[in-house]
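# An overview of the molecular structure
So you can see what is in the structure, the chains are spelled out below.
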Amino acid sequence: MSNRGIGRARMFMGGLLLFATVILWMLGLWMSPHGESVAVGTEHVRPVIVRYIRNNAIGTLVLCALSGWLLFPARRPKWPARDWAIVGLIALMVATSLYQLIWLRGVTG
């Protein structure tokens, strides 16, 4: 007896988490404080944004790992194009999150 419902539930939750991760990742890129121009009187906001970006990048890495684990069970359906697209998206999000963490270390340190 095989229970295909568990595999479908993993795929659904993995896809949902991947979608949430993309939203979180895009918000982090949108709020990124790259650049040195700061309006007069707003210098106090920059550390808050830097902390938000750092936590966002760490959250993106955690959610990428969790969604990747859910989307790639031991027995995979045969659909390599979908798998390569998911791997590419996760790799892009991980690379940009790591870049943000490295960049923020240089800004704050």
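Right above here is the structure, for reference.
Anyway, here's the lowdown on the structure attached to this text. (Residues numbered from 1 in each chain as written. Predicted model: local features only at pLDDT ≥ 70, side-chain atom pairs only at ≥ 80, totals over all residues. Heavy atoms only, no water.)

### Here's the deal with helix 2 (residues 46-71)
For helix 2, with 26 residues, the first-to-last C-alpha span of 36 Å sits near the 38 Å given by 1.5 Å per residue. Considered for burial, the residues of helix 2 that qualify are Ile49, Val50, Ile53, Asn56, Ala57, Thr60, Cys64, Ser67, Gly68, Leu70 and Leu71. (Helix = DSSP H or I, 4+ residues; strand = E, 2+ residues; numbered from the N terminus. Expected span 1.5 Å × (residues − 1). Buried < 20%, exposed > 50% of the residue type's maximum accessible area, 1.4 Å probe, protein only.)

### Looking at the pattern of salt bridges
This model, assessed by the stated rule, comprises 1 salt bridge. Arg82 is the salt-bridge partner of Asp83, the closest N and O atoms lying 3.5 Å from each other. The exposure class of Asp83 is buried, given its relative accessible area of 14%. (Salt bridge = Lys/Arg side-chain N within 4 Å of Asp/Glu carboxyl O.)

### Some thoughts on a nonpolar patch on the surface
On the surface, Phe19, Ile23, Leu27, Trp30, Met31 and Tyr52 cluster together into a nonpolar patch covering about 640 Å² of accessible area. Here the element with the most residues in the nonpolar patch is helix 1 (residues 4-30); it accounts for 4 residues. Here Leu27 lies in helix 1. (Patch = residues over 30% accessible without salt bridge, like charges linked within 9 Å, V, L, I, M, F, W, Y side chains within 5 Å. Areas by Shrake-Rupley, 256 points an atom, 1.4 Å probe, with all protein chains shown as cover.)

### A short note on the nonpolar core
Core analysis: the largest hydrophobic core is formed by 7 residues, namely Leu18, Trp25, Cys64, Leu71, Ile86, Ile90 and Met93. Within the residue set of this core, elements represented by two or more residues are helix 1, helix 2 and helix 3 (80-108). A total of 3 residues in this core trace back to one element, the largest contributor, which is helix 3. Ranked by size, the runner-up nonpolar core spans 5 residues in total, among them Ile49, Ile53, Trp103 and Leu104. (Core = buried A, V, L, I, M, F, W, Y, C linked by side-chain atoms within 4.5 Å.)

### Some thoughts on the packing of helix 1 against helix 2
In the contact formed by helix 1 and helix 2, the axes pass within 8 Å of each other and the chain directions differ by 160°. For the element pair helix 1 / helix 2, the angle class is roughly antiparallel. Our pair here, helix 1 against helix 2, has a crossing hand that is left-handed. Side by side, helix 1 and helix 2 meet where Arg10, Met11, Met13, Gly14, Gly15, Leu17, Leu18, Thr21, Leu24, Trp25, Leu27 and Gly28 of the first sit next to Tyr52, Ile53, Asn56, Gly59, Thr60, Leu63, Cys64, Leu66, Ser67, Trp69, Leu70 and Leu71 of the second. (Axes fitted to C-alpha atoms, helices over the stretch in contact; angles between N-to-C directions. Parallel < 35°, antiparallel > 145°, perpendicular 65-115°, else oblique. Left-handed = near helix turned anticlockwise from the far one by under 90°. Contact = heavy atoms within 4.5 Å.)

From the geometry alone we can't say anything about function, so treat these as descriptive.
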